[in-house]
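Spelled out from the first residue to the last, the chains are:
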Amino acid sequence: MNSHDITVFGYLVFLLAGVVLELLARWTRLRIPSLEAALARAMRTRTGRVGVLVAWAWLGLHFFAR
Amino acid sequence: MILLLIAVFTAISGRPVNGLLLAAVAVCLAWDNARTRRRSVLTAAQPPARLVAARRPRPLAVAAVAAAGLGFAAVVGSFARYSWPATVSVIGLAAVVVAIGWRGPPRSRRDPGELRRRGTSLWAGLLVAAGLWELSALILQPGLDTTSSAHPTISALTDPLLTSHGGRSVVLAVWVAAGWFLVRR
């Protein structure tokens, strides 16, 4: 396993962990909020709301805009 | 402050337009916060809480927005990455969505209430850990603009997908859908 594989494996682990957290939140009685609930909570204030939307906007700009 | 730092780093990494846009949002947000704080001190009252009852959106409106989003993804996906048409289109849509979000939720929504700190910290921890992993890959590259096969960033891994019209359109469609989802929260 070279460093490229380890780096990609790390991304996959984080992705899988996110999926597991979401499944635990939706299908078990553990007190874990779903991603939607966590985002809704973060977006209750204007600063949080604009911050999340700017993070989304940044992704589009990063991949497509000069 | 975080937004301003991101704006500075974006600008010095060769994306001056993006940096300017982020800096403008940071300044507007700081100005708006200062104004709101001053007003709440003067009136000794908190801003009114908004919207707690959930309401379903109209199917026709949802279909129209979905069609517009797919059209945007198909057309803008045909432009080369980092070209001026792509830049203007993406910045235009991003600015509109942030401006809509600035005014508050466009429809009534369910109040999530207080969330368990431990459960929420799991999401926050995951986000921070993933960000640090990406940052370590970025730092281990030969340069900020030079990708490395040994330590690929997410941007480097997605480059092959974004070389084709179809790939760009799919990614843009996902991005537009995420924006639509977020702005309605």
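Just so it is clear, the model here is predicted, and its values are computed rather than measured. (Residues numbered from 1 in each chain as written. Chains lettered and ligands numbered in written order. Predicted model: local features only at pLDDT ≥ 70, side-chain atom pairs only at ≥ 80, totals over all residues.)

Engineer: Explanation requested: the overall build of chain B in the structure shown.
Structural biologist: The helix and strand inventory of chain B stands at seven helices and zero strands. In chain B, the order of α-helices and β-strands from amino to carboxyl end is α-α-α-α-α-α-α. Every one of the 185 residues in chain B was classed for burial, and the buried ones make up 17%. The contacts in chain B between residues at least 6 apart in sequence include a share of 53% that link residues at least 24 apart. (Helix = DSSP H or I, 4+ residues; strand = E, 2+ residues; numbered from the N terminus. Buried ≥ 20, exposed ≤ 12 C-beta atoms within 10 Å, placed from the backbone. Contact = placed C-beta atoms within 7 Å.)

Engineer: Is there a simple way to explain the domain arrangement of chain B in this structure?
Structural biologist: Much of the literature gives interface size as the accessible area that the parts lose upon coming together. Residues and elements named next belong to chain B. Here chain B is described as being made up of domain 1 (1-45) and domain 2 (56-110 + 131-185). Placing a centre on the C-alpha atoms of domain 1 and another on those of domain 2 gives a separation of 21 Å. Every contact between the two is made by five residues of domain 1 and, on the other side, five residues of domain 2. (Domains from an automatic or database assignment.)

Engineer: I tried to follow the interface of chain A and chain B on my own but got confused; where do I start?
Structural biologist: On the chain B side, the residues contacting the 37 residues of chain A number 45 residues. Along the lines of polarity and charge, the residues of the side of chain A that touches chain B split into 25 nonpolar, seven polar and five charged. (Nonpolar A, V, L, I, M, F, W, Y, C, P; charged D, E, K, R; others polar.)

Engineer: What is the right way to read the confidence of the model for chain A from this model?
Structural biologist: Caution applies to low-pLDDT regions: their predicted coordinates should not be interpreted in detail. Here chain A averages 90 in pLDDT, while 100% of its residues score no lower than 70. Ranking the helices and strands of chain A by mean pLDDT puts helix α1 (residues 3-27) of chain A first, with 94, and helix α2 (residues 35-42) of chain A last, with 87. (pLDDT = per-residue confidence, 0-100.)

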